[in-house]
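Observations on the model geometry
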Amino acid sequence: TMDLVAYSGYMFVYLSLEVLLGMFSTYAYYLSWIWFSIASGVFLVKTAKRIIFSESQRHPDMNVNYVLLCIAAVQFPLGYFMGVLP
């Protein structure tokens, strides 16, 4: 579980780049927000899938797919609200 917490810290690297690009252009900010949210979602889903399935081989659970979907979906509002320019 600490692995997931550590991997979620990568969002701040993306946010720093988003804010930096946002200082130059609003268009660049929104384009980078979409790109980095997708990249972060894909990265976290692939990593979480590997961790969750390796730990739950003894007890397969179908709700894991919903958890992975929520992890990916949360990246968009999280990236937006944490990186909104004042």
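This text goes with the structure placed above it.
Quick caveat, the model's predicted, so the values are computed rather than measured. (Residues numbered from 1 in each chain as written. Predicted model: local features only at pLDDT ≥ 70, side-chain atom pairs only at ≥ 80, totals over all residues. Heavy atoms only, no water.)

Considerations on the side chain of Ser 40
Among the secondary structure elements, Ser 40 is positioned in helix H3 (residues 26–55). What Ser 40 contacts, discounting residues up to four positions off in sequence, is Met 11, Tyr 14 and Gln 75. (Helix = DSSP H or I, 4+ residues; strand = E, 2+ residues; numbered from the N terminus. Contact = heavy atoms within 4.5 Å.)

Focus on the packing of aromatic side chains
What the rule picks out here adds up to 7 aromatic pairs. Their ring planes at 20° and their centres at 6.5 Å tell us that Tyr 30 and Tyr 80 sit as a pair that is stacked. Of this pair, Tyr 30 sits in helix H3 while Tyr 80 sits in helix H4 (residues 64–83), and the two are 50 residues apart along the sequence. Looking at Tyr 30, the relative accessible area reads 35%, which means it is partly exposed. Ring geometry for Trp 33 against Phe 76: centres 6.1 Å apart, planes inclined by 85°, an arrangement best described as edge-to-face. With Trp 33 in helix H3 and Phe 76 in helix H4, this pair connects stretches of sequence that are 43 residues apart. Classification of Trp 33 by relative accessible area gives buried; the value is 17%. Classification of Phe 76 as partly exposed rests on a relative accessible area of 30%. In textbook terms, an aromatic cluster arises when at least three aromatic residues are bridged by ring pairs, as seen for Tyr 29, Tyr 30, Trp 33, Phe 76, Tyr 80 and Phe 81. (Phe/Tyr/Trp six-rings, centres within 6.5 Å; stacked < 30°, edge-to-face > 60°. Buried < 20%, exposed > 50% of the residue type's maximum accessible area, 1.4 Å probe, protein only.)

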